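Residue strings, one per chain:
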Amino acid sequence: MNKVHRNTAAALIVLTLVSTVAGYLYVYRSSNASENVSTHDAVIASSVGPSVQADLASPFRFELMTPQSGIDFVYYGAPGPQAYMTGQNGGGVGVLDLDNDGRIDLFFVNGSDFDQPATGLKTSNRLYRCTADFQYEDVTRNSGLMAHGFGMGCAAADYDNDGFTDLFVACYGPDRLWHNNGDGTYTETTVAAGVGSDQWGTSAAFADLDADGFPDLYVVNYVEWLSDELPCHPPGHPEINSVCSPMDRSGQADLLYHNTGDGQFAEIGAAAGVDLAADGKGLALAIADFDVDGRLDIYVVNDTSPNFLFHNPGHMPFDEVGTQQGVAISSDGRVGSGMGVACADYDHNGYLDLCVTNFRNQINDVYAGLGPAGFVPANASLGMDMISRSPLGFGIVLADFNLDTWPDLFVANGHFQDWTVLGPEHEYQMHPQLLWNRNGQRFEDVSEPSGDYFRQRWLGRAAAVADLDNDGDADLVVTHLSATPALLRNDSSPAGGSIRLELIGTRSSRQSLGSRVEIVSDSGHLVTSVPSGGSFQASHDRRVLLATGAAESIDEIRVWWSGGNVEVWKNVTADDDGGLRLIEGSGNVTVR
Amino acid sequence: MPRRNFIIGCVCGSTIVLALGYFTVRWQVMTSAATTIRQAELHVRSGDHSGAREILATLMWFEPSHHQGLLIRGISLNADRMFAESIAALEQIPVESPSYEDAGTTLVSSLIHDGWLERAEAVLIQHLGRFPQSAQSRENLVRLYLSQLRGRAAMAVLQDYQRAYPEDLSVLPHMLDLEAKILTANDRVRSLETADMRHPRQAAVILALARAYAMLGMTEHARSRFQAALDLKPRDPVTRIHAAEFQFECGDAAAARHLLQMDTAAQPENDDRYLFLLCRMAAKSNEIAQSYAHLQKAMALRPHEETYVLMQSALLRHMGRADEAAAVGQEAVHLAEARKRLMVLSDQLDRRQPSAPQCAEIAELLEQLGHPGQATGWRRVARAVVP
């Protein structure tokens, strides 16, 4: 072996040794590392756990029925270049049976524009009469409801107990009231009734607050604003006109009209103590007996000011107890920008709870009701904080969409400022949300698998719940700022049966809105109320869907009539069409 | 033999000549270094950054660790968005160098642009340690923390400064902004994702992403990021608390409880967020007395935290102590109203010419919100403002 070969051999031996040592070190380190990682993984895997939402199937299925429904309403007055503040809210929706034919008709509130005021049918409020399941004909022109203005929300109720549902529209400018003539037409009675306030009304609700048998009218007013005020701008972008914030504007006092029973109303806001002008910038309300004292209370959601809860002591004035009862501010300790409200007993504790939508980057609130003891915040533990911080919610509905007895949540989302030119983080249109109530312990976002509608972005505004096709489940009507409303047919597989309850008051007001209803069935003890107000600028179906579980009948129904009586029916079954009418006085009156 | 000598002589001679030439040129370069630096600075000022580097090339060849040269090179590379090269240049400047103060701020800029957020934080902390009055470093650190949704850390930077230099009121508007503005996640995710893509395994970035996704309701994204953050820092108390909070909000109380089991060395009982999470978890389990006890400990650390005051009211209501609940609830609403008003004032305030009444009102609100130090500062501003 010559010198070169020896050197080569030596070099190879050295290289082999070095490689062996390096390889050993690498393997040793890797095995140690993987051991560490495995240990961590074990800890973390048990800590982080399996994905809660991974592969989560939705029990809900909603089909968008608008295209074939005959409804062509599109809101007129969405914010344009001048960014008028009136455009931000969009139009409300009222669900009603205008002619008592058992089919649910729809009324949409329209807006206007200061530069090009509304005129003609397309920009009028619109009434659609239901002719078959999800088939509607536009009957606006001959209904007497054709009207133009800066409409916001509406309240559908039989204010004179004649058996036909009347309509009130809250407006920027004079509010309006139409009396149902009973023949498919309406007559405007604003002036005669004395309810034509020219403030900025947003939402309204009828309910018999003094238990005299006639529904009174509560109108939520917003802020002081005039159309000749200059538009605002996003920070640092004077070139972009933007709708102004209500934050530094004066609020307008809400109005409470006492129904005198002769077709007229007397405004008693001051006497009732609801005229908290500077503090109130209201957008929504819900009326129900929250503390189970047999009297209807009023919850008002305010935008950038604390919400009100008016406790009804049975006489004037009402007590504003929002702070005391824990529903004034958001559970993050801030004053929320309240938009909409929903009311139901989501946790089956026998007391009504409240859900409130707030602004983007704020959380939607869930106030768990404790009855007379008030409310406690429950968002975070229900998963609502994470679900709700990103979108800007308006209309909100608590309804048991799959009839498993647990009320689920629908939220209509959408911004009112189009700042998308400033970057993709500024969403304008947003996904609506459908949240599945998991036995009162959590709300899980199952929007995406629940239908095409939920996979698209919208400028959602008002949302109303109704059994539009009378098939025993809750359908939805959602208005949008710049698109036709969504009629969402509930095609979810029901987890149980249901009864569609309609209350007929005799001593109480005929529709007895706001009345508390308790049922005892196979599904347990459930509590709900006849909707009065709720959502955002909307008026729900006044018929209540009661989940019956596997049973065909309900062991007991207890109604706390708005007039004050408590009445019980035992072993109740629905009619063939799934409906049930309970007439006041036909059951056993148990308590006053 | 003579031929070999000749060659050796030539090589030696050439070496000597070359060496002489080298040292001569080097001497010339070094003696004119100041001029070269000045010229390079002029080029930088005129925006000709590559020209500046060309001028510096000879100097840096002879003296690669020339601090001023490195500084200008780093600045010019930063301006030309060659951040990695800028970082390489600026990192060579030692802390003791007179150039370090300027180098630090540019280094931070390059690190942030290049996605090295953790390194940027370390440099900023070191820089502020050496130059505690550096407004730029302070602002950069605050901004960096805010970009990672670390509002408390940002406020702590400003509070530390305020405590050290109470006579300097320039920091007050920044503190006001932090008090008034809500931290939002949607505008942070993009930059955090970019940083994470460029340089994975930055624990702070991953944790910030996890929190941002959680805030946006993107739970699966949040979950994987929390997992990654815990992989990197399994014993970090802050990471564990945030991950536990996430788990709790996802409805997995057992996982949250597991994450809250920490070494005593981590001293989580000194972290009000830990205590408040325990409070919320106990409340969810309907252990109201236990929940209230945790809350009281949290409130001992942060008595004016609005969420805590509101929770106190709710727990009192749960316990049937209605009058106390109402009184505390009133306090919570007052705090919320004060915060809201502060937001309005923060938007309206003319930073250059604040009005005395505005400053006085801000002081009053801050006092209500439990920030007497800031309140005192604003009262001084109010007095100093010309009516």
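Everything below is about the structure shown above.
Residues numbered from 1 in each chain as written. Chains lettered and ligands numbered in written order. Predicted model: local features only at pLDDT ≥ 70, side-chain atom pairs only at ≥ 80, totals over all residues. Heavy atoms only, no water.

Any chance you could explain the sheet that holds strand β32 (residues 538–539) of chain A here in plain terms?
Strand pairing in a sheet takes place through backbone hydrogen bonds and is either antiparallel or parallel in direction. Residue and element names in this part refer to chain A. Ordered in space as β5-β4-β3-β2-β32, the five strands form an open sheet in which the pairing is mixed. Of all strands in the sheet, those with a lone pairing partner are β5 (135–138) and β32, marking the two edges. Looking at chain direction, strand β2 (residues 93–96) and β32 are connected through two bridges and run parallel. Looking at β32, one finds that Val-93 is bridged to Ala-538. (Pairing = 2+ DSSP bridges. Helix = DSSP H or I, 4+ residues; strand = E, 2+ residues; numbered from the N terminus.)

Quick question: what am I supposed to make of the state of the cysteines here?
One way to say it: the disulfide is the covalent bond shared by the sulfur atoms of two cysteines. A full pass over the atoms with the stated rule returns one disulfide over all chains. Here Cys-232 of chain A connects covalently by a disulfide to Cys-244 of chain A, the sulfurs 2.0 Å from one another. With the S-S dihedral at roughly 100°, the linkage between Cys-232 of chain A and Cys-244 of chain A falls on the right-handed side. Taken together, the positions of Cys-232 of chain A in the loop between β11 (216–221) and β12 (255–259) and Cys-244 of chain A in the loop between β11 and β12 put the pair 12 residues apart, joining distant regions of the chain. Since its relative accessible area comes to 27%, Cys-232 of chain A is described here as partly exposed. Cys-244 of chain A sits in the buried class, given a relative accessible area of 3%. Unpaired in terms of disulfides, Cys-250 of chain B finds its nearest cysteine sulfur in Cys-355 of chain A, a separation of 19 Å. (Disulfide = S-S within 2.5 Å. Buried < 20%, exposed > 50% of the residue type's maximum accessible area, 1.4 Å probe, protein only.)

Looking at this structure, how should I read the interface of chain B and chain A?
Interface size is often expressed as the accessible area that is lost when the parts come together. Chain B puts 48 residues into the contact, and the matching count from chain A is 50 residues. Carbon and sulfur atoms supply 59% of the area that chain B and chain A bury against each other, a total of about 4200 Å² over both sides. Of all residues in chain B, Glu-249, Arg-317 and Lys-340 of chain B give up the largest surface area on contact with chain A, accounting jointly for 16% of the area buried on that side. Close ionic contact of Arg-190 of chain B with Glu-425 of chain A constitutes a salt bridge, the shortest N to O distance being 3.8 Å. Where chain B meets chain A, there are 10 residue pairs in polar contact (both at pLDDT 80 or more). In terms of residue class, the side of chain B that touches chain A is built from 20 nonpolar, 13 polar and 15 charged. (Contact = heavy atoms within 4.5 Å. Buried area = accessible area lost by both parts, 1.4 Å probe. Salt bridge = Lys/Arg side-chain N within 4 Å of Asp/Glu carboxyl O. Polar contact = N/O pair within 3.5 Å; in protein donor to acceptor, adjacent residues only side chain to side chain. Nonpolar A, V, L, I, M, F, W, Y, C, P; charged D, E, K, R; others polar.)

Looking at this structure, I do not really get unusual backbone geometry. What am I missing?
What is expected of a backbone is that most residues other than glycine have negative phi and most peptide bonds are trans. Omega for the bond connecting Met-316 of chain A with Pro-317 of chain A falls within 30 degrees of zero, at -10°, which places this linkage in the cis form. One non-glycine residue, Leu-149 of chain B, lies in the positive phi region at around 60°. As for its position among the elements, Leu-149 of chain B is in the loop between α8 (135–147) and α9 (151–164). Judged by relative accessible area, Leu-149 of chain B falls into the buried class, the value being 2%.

How do you make sense of empty space enclosed by the protein when you look at a structure like this?
If a probe the size of a water molecule is rolled over the atoms, the empty space left behind becomes visible. Residue and element names in this part refer to chain A. Scanning the entire structure with this criterion turns up eight cavities of 30 Å³ or more. There is about 620 Å³ of room inside the largest cavity. Together, 37 residues line the largest cavity, and Ala-344, Leu-398, Ala-399, Thr-528 and Val-544 are the ones closest to its centre. If you list the elements that add at least two residues to the lining of the largest cavity, you get β14 (282–288), β18 (340–344), β22 (393–399), β26 (460–466), β31 (524–529) and β33 (544–549). In terms of residue class, the lining of the largest cavity is built from 24 nonpolar, eight polar and five charged. The computed volume of the second largest cavity comes to approximately 90 Å³. What lines the second largest cavity is a set of 15 residues, and nearest its centre among them are Ala-156, Pro-531, Ser-532, Gly-533 and Ser-539. Counting only elements with at least two residues in the lining of the second largest cavity, the list comes to β6 (150–157), β10 (201–207) and β32. Sorting elements by how many residues they give to the lining of the second largest cavity places β6 first, with four residues. Here the residues of the lining of the second largest cavity are counted per class, giving 10 nonpolar, four polar and one charged. (1 Å grid on protein atoms, 1.4 Å probe; cavity = no way out; pocket = protein on both sides within 12 Å on 5 of 7 lines; lining within 4 Å. Points joined across faces, edges and corners; volume = space filled by probe spheres on them.)

Please clarify how the side chain of His-311 of chain A should be interpreted in this entry.
All names here are of chain A. For His-311, the location among the structural elements is in strand β16 (residues 308–311). Looking at His-311, its side chain comes within polar contact range of the side chain of Asp-293, at 3.2 Å. Apart from the residues within four sequence positions on either side, His-311 is in contact with Asp-291, Asp-293, Asp-297, Phe-318, Asp-319 and Val-321.

Looking at this structure, how should I read the packing of aromatic side chains?
Aromatic ring pairs are defined here through the distance separating the ring centres and the angle between the ring planes. Residue and element names in this part refer to chain A. Within this structure, the stated rule accounts for 37 aromatic pairs over all chains. Note on Phe-410 and Phe-454: the rings are 6.0 Å apart at their centroids and 75° apart in plane angle, and the pair reads as edge-to-face. Placement of the pair is Phe-410 in strand β23 (residues 408–413) and Phe-454 in helix α8 (residues 452–455), with a sequence separation of 44 residues. Just as Phe-410 is buried, Phe-454 falls in that class too. (Phe/Tyr/Trp six-rings, centres within 6.5 Å; stacked < 30°, edge-to-face > 60°.)

Just to check I follow, could you spell out the pattern of salt bridges for this structure?
Oppositely charged side chains can form a pair if their charged atoms are brought close together. Residues and elements named next belong to chain A. On inspection of all chains with the given rule, the structure shows 49 salt bridges over all chains. A salt bridge links Asp-72 to Arg-126, with the nearest nitrogen and oxygen atoms 2.6 Å apart. Here Asp-72 is found in the loop between β1 (62–64) and β2, whereas its partner Arg-126 is found in strand β4 (residues 126–132), with 54 residues between them in sequence. On the basis of relative accessibility, which here comes to 1%, the residue Arg-126 falls in the buried class. Between Arg-249 and Glu-229 there is a salt bridge, with the nearest N and O atoms lying 2.7 Å from each other. Of this pair, Arg-249 sits in the loop between β11 and β12 while Glu-229 is found in the loop between β11 and β12, placing the two residues 20 residues apart along the sequence. We classify Arg-249 as buried; its relative accessible area is 16%. The exposure class assigned to Glu-229 is partly exposed, which follows from its relative accessible area of 29%. Connected through salt bridges with shared partners, the residues Asp-72, Lys-122, Arg-126 and Asp-138 form a single ionic network.

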